[in-house]
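# Chain and residue survey
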Amino acid sequence: MPGLYALSSWEALPLKSSTVKACANGYSLSITAHLKYTNPHEEPVEGIFIYPLEESEVVAGFEAAVGSRRVTFQLQNRHRAQDCCLQCSPSPGRPCRCASGHIVLDEDAERSTFIIVTGTLCPSESLAVTLSTAQELPTLPDGALRLLLPPVLTPRVPSDPESEPASLCDDRLALCPTSCFGGPGARSQTPTMAPVESMDVFRGRPCNPFPYEFAFELLVKGPCLLAGLESPSHALRADADPWASSATTTCVTLAEPHRYDSDLEIILYPCEPHQPHLVIEDGTMTYPEYEAHIRSRRDYVRIARKDSSGERQVTILAHQGGGRGRGVGMWVRKTLTWSRWCEKAPDLPGSQVAFVQRRFHKDIFPNPVLMLNFCPAVEGIPGDLQSVTREILFLIDHSSSTSSPDLEKVKEALLVALKSLPSGTLLNIASFGADVKPLFPSSRLCSNETLRRACEHLGGLRADPSNTNLLSALGWALAQPLHHGYPRQLFLFTGTAVGNAGRILRLVRRQASTVRCFSFGMGPRACRRLLKGMARVSRGRAEFLSPAERLQPKLIKSLKKAIEPAVSDITIDWYVPDSMEALLSPTELPALYPGDCLISYCVLYSIARFGNRHPPVRLAPPWRVEDGTLPALLASTQSRGLMVVPSFP
């Protein structure tokens with residue numbers, strides 16, 4: 001239940017108004033929200049704002065204002081945890097406060113949550129929060145873009161059934177399709193306010209005790225025209241922006257008042273959904289300004305002075321001796337001046353160019369950023385089921401955390417699933433408790449001999465009284481060598497409740513471009529947060545079984561998803577002028593399944609004036625962005641080891 005809380009009691013403070021302005025530009029979404037909270041208590045409270053982040057979302061700006069006081073944040077290098085923090089044990093659903101007043105979160109919540117203390121709020125005083133975020137828009141199998149407004153901006157309100165407002169479209173049986181020309185369908189059941197002790201401040205559904213003012217506006221721009229839009233939750237109104245220079249801009253607002261019973265969801269239909277689109281955003285500096293900025297740095301001036309004076313020296317290893325009749329020779333160290341080194345190696349970058357190259361990941365915002373989007377029509381790819389190539393790893397927990405009946409369920413379901421695998425599948429099975437015991441050293445092609453040995457292995461699988469080590473088992477599975485043309489699918493069967501969920505999710509997130517995880521929670525002790533998190537970060541699926549439920553139907557359902565059409569081994573060639581260099585992200589591209597979109601970033605750096613290069617060539621990309629979204633999204637993929645620190649100007 002994210003939002004604003006009283007830090008002492010973890011009681012949610014009510015929202016008075018929410019004003020949201022969003023801009024969907026191509027496949028990126030920027031949101032600026034103005035939220036006003038109030039303190040209904042008779043004593044002052046210290047506020048803390050909590051905002052959960054999606055996998056591709058980044059906070060671009062934040063300000064909390066109370067009277068003349070302003071609270072912002074700064075990004076700093078992560079410090080070592082102090083002893084007082086190490087003694088705290090935060091729960092998965094709520095942070096804790098150490099003896100020194102530090103907010104302590106578990107490892108996964110620390111990475112996926114924006115949390116900041118906003119200061120003291122007096123009785124009946126209001127706090128105005130301005131939040132700016134940027135994220136990548138997910139796509140549907142038909143190429144449409146799905147926009148779901150964060151629930152913290154539109155919390156639910158428990159409604160009185162006798163005082164429900166009438167709609168322009170009185171469709172109580174939900175027979176009317178919902179679009180920008182129709183009204184919402186049948187109302188979903190609204191949740192009641194949960195007690196403070198049971199609230200999950202990170203992922204719980206936000207609720208508000210009373211209705212609040214809500215205003216929404218969405219500008220839709222992009223490299224191609226919009227073919228249509230609809231909303232499964234709200235009635236929409238679409239108009240042309242009167243100040244737009246072309247028909248590529250559409251302004252979307254609500255056609256009816258917000259009813260506080262559902263999240264705002266909008267589906268956008270581009271006219272060219274399966275064509276690659278390239279979007280560019282200029283940097284905060286021009287190339288001459290960036291050059292002046294680099295040349296004004298003291299460390300650059302020091303390097304340039306050494307180069308010009310000949311003081312700079314280079315130590316190299318040179319091979320001497322050897323050859324006919326002179327023995328094998330030897331390696332010796334030689335020291336050369338920088339000018340002499342440039343004569344011997346004219347094709348290598350100079351020290352000034354090397355200095356700029358080392359700053360590429362630090363200087364994203366001053367330089368232009370290209371964003372490539374491509375959602376292929378994967379479902380339309382023809383093919384025979386037996387020609388599908390996949391690598392499927394079955395990871396079975398047979399430790400004391402998995403009961404014997406649950407283990408028998410896994411064995412029974414896998415015996416059926418193995419016989420239905422396509423012949424082009426690479427297969428391996430590993431059981432784990434304290435140690436990992438694989439069937440094969442590496443995955444093998446699914447032949448009759450492989451299936452026979454796999455069935456024998458399952459038949460001899462017995463429960464192990466040892467403790468489980470899920471982190472070690474996943475580390476073994478994800479460290480296996482990849483096979484080109486065989487996208488990896490990992491099936492995990494476990495009933496354990498682990499205490500290192502953050503480390504496990506970090507491991508899976510690092511390998512998310514190479515694997516999809518299909519998790520099955522066996523029994524009531526299975527960690528739902530962990531298994532759902534693994535499925536979320538790897539684009540897989542998580543299933544949970546009750547004691548009386550069969551595993552086979554859910555396993556077959558996940559297997560069908562695992563062998564759905566895919567495009568793998570993708571490479572992108574960026575052709576840039578000789579006078580420029582590029583920083584690319586990500587470096588590894590995942591396989592694309594139905595509904596997936598390829599997103600790649602390229603930052604352009606002009607290095608012509610830092611070496612013997614040709615003058616820069618001006619590019620003419622098809623579409624431009626001007627709101628700072630692309631550098632923020634790219635910077636989020638490059639940031640590691642950063643922390644949010646409140647700033648009180």
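Before reading further, recall that the structure is shown in the block above.
Residues numbered from 1 in each chain as written. Predicted model: local features only at pLDDT ≥ 70, side-chain atom pairs only at ≥ 80, totals over all residues. Heavy atoms only, no water.

The next point concerns the sheet that holds strand 12 (residues 145-148). Spatial ordering of the open sheet is given by 12-17-14, a layout of three strands whose pairing is antiparallel. Each end of this open sheet is capped by a strand with a single partner; those strands are strand 12 and strand 14 (226-230). The mean angle between the axes of side-by-side strands here comes to 20°, regardless of whether they run parallel or antiparallel. In terms of strand pairing, strand 14 meets strand 17 (residues 265-270) through four bridges, oriented antiparallel. Residue Leu226 lies in a different strand from strand 17, and its bridge partner there is Pro270. (Pairing = 2+ DSSP bridges. Helix = DSSP H or I, 4+ residues; strand = E, 2+ residues; numbered from the N terminus. Axes fitted to C-alpha atoms, helices over the stretch in contact; angles between N-to-C directions.)

A complete count under the given rule lists 19 salt bridges for this structure. Taking the shortest distance from any N to any O, the salt bridge between Glu265 and Arg146 comes out at 2.8 Å. Taken together, the residues Glu265 in strand 17 and Arg146 in strand 12 connect sequence positions 119 residues apart. According to the relative accessible area criterion, Arg146 is partly exposed, its value standing at 29%. One salt bridge in this structure joins Arg295 and Glu291, with 2.9 Å as the shortest N-O distance. Highlighted residues: Arg295 and Glu291, both in helix 3 (residues 287-295), separated by four residues, approximately one helical turn. (Salt bridge = Lys/Arg side-chain N within 4 Å of Asp/Glu carboxyl O. Buried < 20%, exposed > 50% of the residue type's maximum accessible area, 1.4 Å probe, protein only.)

Before going further, it helps to examine the environment of Arg70. Position of Arg70 among the secondary structure elements: in strand 7 (residues 69-77). Spatially, the C-alpha atom of Arg70 lies 8.8 Å from that of Thr118, the residues being 48 residues apart in sequence. A polar contact is formed between the side chain of Arg70 and the backbone oxygen of Gly67, at a distance of 2.9 Å. (Polar contact = N/O pair within 3.5 Å; in protein donor to acceptor, adjacent residues only side chain to side chain.)

Running from amino to carboxyl end, helix 10 (residues 501-510) crosses helix 11 (residues 528-538) at an angle of 15°, the nearest separation of the two axes being 9 Å. Overall, the two elements helix 10 and helix 11 adopt an arrangement that is roughly parallel. For the pair helix 10 and helix 11, the crossing hand works out as right-handed. The residues of helix 11 that touch helix 10, namely those facing Ala501, Ile504, Leu505, Val508 and Arg509, are Arg529, Leu530, Gly533, Met534, Val537 and Ser538. (Parallel < 35°, antiparallel > 145°, perpendicular 65-115°, else oblique. Left-handed = near helix turned anticlockwise from the far one by under 90°. Contact = heavy atoms within 4.5 Å.)

Within the largest apolar cluster, 69 residues are counted, with the highest numbers of intra-cluster contacts made by Phe49, Phe62, Phe216, Leu218 and Ile266. In terms of residues, this core owes the most to one element, strand 4 (residues 28-38), which gives five residues. Ranked by size, the runner-up nonpolar core spans 29 residues in total, among them Val410, Leu451, Leu545 and Leu551. (Core = buried A, V, L, I, M, F, W, Y, C linked by side-chain atoms within 4.5 Å.)

Quick look at helix 12 (residues 552-562) now. Buried within helix 12 we find Lys554, Leu555, Ser558, Leu559 and Ala562. The buried side chains of helix 12 occupy one side of the element, clustering within an arc of 140° when seen end-on. Residues of helix 12 that are buried in the fold lie against strand 22 (390-397), helix 7 (404-418), strand 26 (488-494), strand 27 (515-522) and strand 28 (541-545). (Arc of directions from axis to C-beta.)

Inspection of the entire model under this criterion finds zero disulfides. Of the cysteine sulfurs around Cys375, a residue in no disulfide, the closest is that of Cys597, at 5.4 Å. Residue Cys375 is classed as buried on the basis of its relative accessible area of 0%. (Disulfide = S-S within 2.5 Å.)

All right, on to empty space enclosed by the protein then. With the rule as written, the count across this model stands at two cavities of 30 Å³ or more. The volume enclosed by the largest cavity comes to roughly 120 Å³. Taken together, 14 residues line the largest cavity, and the ones lying closest to its centre are Gly26, Lys221, Gly222, Cys224 and Pro270. If you list the elements that add at least two residues to the lining of the largest cavity, you get strand 13 (213-221) and strand 17. Along the lines of polarity and charge, the residues of the lining of the largest cavity split into nine nonpolar, four polar and one charged. Approximately 50 Å³ is the volume attributed to the second largest cavity. Every residue along the wall of the second largest cavity is listed here: Tyr287, Tyr290, Glu291, Ser606, Ala608, Arg609 and Phe610. The element contributing the most residues to the lining of the second largest cavity is helix 3, with three residues. Residues of the lining of the second largest cavity, tallied by class, amount to four nonpolar, one polar and two charged. (1 Å grid on protein atoms, 1.4 Å probe; cavity = no way out; pocket = protein on both sides within 12 Å on 5 of 7 lines; lining within 4 Å. Points joined across faces, edges and corners; volume = space filled by probe spheres on them. Nonpolar A, V, L, I, M, F, W, Y, C, P; charged D, E, K, R; others polar.)

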